[in-house]
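In case you want the letters, here they are:
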Number of protein chains: 4
Amino acid sequence: MAESMLDYGRRILSEQPFSASMGTQLDAWSEDLAELSLEVRPDHLQQHGFVHGGVIAYLADNALAFAGGSRLGDAVTMEFKINYIKPARGNLLVARARVISAGKSQAVCLCEVFVEDETEVTLCAAAQGTIWKIG
Amino acid sequence: MAESMLDYGRRILSEQPFSASMGTQLDAWSEDLAELSLEVRPDHLQQHGFVHGGVIAYLADNALAFAGGSRLGDAVTMEFKINYIKPARGNLLVARARVISAGKSQAVCLCEVFVEDETEVTLCAAAQGTIWKIG
Amino acid sequence: MAESMLDYGRRILSEQPFSASMGTQLDAWSEDLAELSLEVRPDHLQQHGFVHGGVIAYLADNALAFAGGSRLGDAVTMEFKINYIKPARGNLLVARARVISAGKSQAVCLCEVFVEDETEVTLCAAAQGTIWKIG
Amino acid sequence: MAESMLDYGRRILSEQPFSASMGTQLDAWSEDLAELSLEVRPDHLQQHGFVHGGVIAYLADNALAFAGGSRLGDAVTMEFKINYIKPARGNLLVARARVISAGKSQAVCLCEVFVEDETEVTLCAAAQGTIWKIG
């Protein structure tokens, strides 16, 4: 049986040792869209008890690359920009990215990062970047 | 004896569980300048054997915040932009950030990230961002 | 009779000599949203016959500031990032911006810039930035 | 006699109708570096009497493209990010850009924009972007 797009994406993600070490999951992956999430662990935090900005930037970067890769195939983030919006306190970090334009060699993508706890979902960051086809 | 600025910075860094888990070191910290580094480990890589972009973005973000914090005191990254320049393969990742402008509540900072192996130093990313005073 | 929000916005825009010289119109302005447009003139072009990137960046910057200003009052663009997506050839340039998060002193906004001719509407740029309350 | 690089650059600039209308000058252009300037006119201002951010973004964008073009040949700005640092009041706006990395098809460049009056030079913005070879 053919591997589904989602299974293929999960296999790629599992081949990223850093993503495996972070506990990142690929929740959804289809044309133009990607959703990644990770359960927040104590070692993801900074000195004030919030999720470290670097964890948020990592998840946004990776979600942007998966979104762009849904159109380009094997691809990497070429550049991105992120605005941190609210301090991230919660159990689950979710990054949803989408393609707003794709050509043959590059795609421009947006990403929103949310943090969830038992009762609330909070937008904690927004990113925009360029994904670049390789190979 | 008074705690030096560098010792104070190292204490802050050690209070970031994510930075401790990444193995990040504060090599230098003085007015307008910060240098952070980390020894590249297998769990820092992505699927092609290079340092994961998220690791590079994390180190740049943190170096920008330390640089800005040298002028602002307790501070966080409000937003930043990063360009990945070369695939990062090597043993050591080094981020050098500097303030280009600081006011009372915010600073604009630049950062270059280098990867080093036994024989070469390669510029692998450049970032620019805004650091925001808190408290 | 009280001045409407749109009339107030048009008055502010008319007080920007650069916007007056560019021929910029405020088409819509309401909470979280702003639309600016300008008729493309020969003096807006670059050497290949497309609308100059600087014109597109100007319109995006201004639309971001109006969107943010709908929540913050008197406000300026603190920083933004723009991706050029397609060469802009057409008669009308339209920038639509919206707030994705607003606090007391700053707002994060997104903007899409479209170029229109007789038959087509093309997304030519996307921007993300921080708007800052002044005064 | 062969056209110098600076003369060639000035010819390109003169072929940009928008740059001609803005009064932009190419002061210097050599490998990795470009300096553009414009005399501030009343129609370059915004409602508070400062140079409009769109004028600053335009000049930065163009300087980034000239810097990148010094390595790539015919090239356009693919994306950039700008931080406004100080309100720009003065007679002359100067943008100095430099290449920090150039490959075959793209270059990453930085730019600082200064405003000058009779007695002072003030850094009013900093930009970072990607320049893309065309043709």
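Numbering of residues begins from 1 in every chain and follows the order in which that chain's sequence is written. Chain A is the first chain written and ligand 1 is the first ligand written, with later ones labelled in order. In view of the model being predicted, local features appear only for residues whose pLDDT reaches at least 70, and side-chain atom pairs are presented and counted only at 80 or more, with totals across whole chains, interfaces and linings using the full set of residues.

## Here's the deal with the interface of chain A and chain B
Thought 1: Each side of the interface is counted separately: chain A has 28 residues, and chain B has 28 residues.
Thought 2: Put simply, the parts of the chain that give the side of chain A that touches chain B at least two residues each are α2 (17-22), α3 (53-72) and β3 (75-84) of chain A.
Thought 3: In terms of residue count, the dominant contributor to the side of chain A that touches chain B is β3 of chain A (eight residues).
Thought 4: Gly counts as polar in this scheme, as do all residues outside two lists: the nonpolar Ala, Val, Leu, Ile, Met, Phe, Trp, Tyr, Cys and Pro, and the charged Asp, Glu, Lys and Arg. Its residues assigned to classes, the side of chain A that touches chain B comprises 12 nonpolar, 11 polar and five charged.
Thought 5: Any two strands are treated as partners once DSSP identifies two or more bridges connecting them. Numbered from the N terminus, helices here are DSSP runs of H or I no shorter than four residues, and strands are runs of E no shorter than two. Relative to strand β3 (residues 75-84) of chain B, β3 of chain A runs antiparallel, the two sharing five bridges. Bridge pairing in β3 of chain B links Asn83 of chain A to Glu79 of chain B. Note that contacts rest on C-beta atoms placed from the backbone: two residues are in contact if these are within 7 Å.

## Some details on helix α3 (residues 53-72) of chain D
The α-helix advances 3.6 residues per turn, and as a result positions three or four apart in sequence lie on the same side.
Residues and elements named next belong to chain D.
Thought 1: For α3, built from 20 residues, the straight-helix expectation of 28 Å at 1.5 Å per residue is met to within 8% by its first-to-last C-alpha distance of 28 Å.
Thought 2: Counted residue by residue, α3 has 19 buried out of 20 residues, so it is predominantly covered.
Thought 3: One or two positions beyond α3, positive phi appears at Gly73, with a value near 85°. A helix is expected to span 1.5 Å multiplied by its residue count minus one. Neighbour density around each residue's C-beta defines its exposure: 20 or more other C-beta atoms within 10 Å make it buried, 12 or fewer make it exposed, and counts between make it partly exposed, where C-beta atoms are placed from the backbone.

## Notes on the packing of α3 of chain A against helix α3 (residues 53-72) of chain B
Thought 1: Here the axes come from fitting lines to C-alpha atoms, over the contacting stretch only for helices, and the angles between their N-to-C directions go from 0 to 180 degrees. In contact at an axis separation of 8 Å, α3 of chain A and α3 of chain B are set at 140° when each is read in the N-to-C sense. Crossing handedness for the pair α3 of chain A and α3 of chain B: right-handed. Every residue of α3 of chain B that contacts α3 of chain A at Gly53, Gly54, Ala57, Tyr58, Asp61 and Asn62 of chain A is listed here: Gly53, Gly54, Ala57, Tyr58, Asp61 and Asn62 of chain B.
Thought 2: In terms of residue class, the contact of α3 of chain A with α3 of chain B is made up of four nonpolar, six polar and two charged. Handedness of a helix crossing follows the sense of rotation of the near helix relative to the far helix, less than a right angle counterclockwise being left-handed and clockwise being right-handed.

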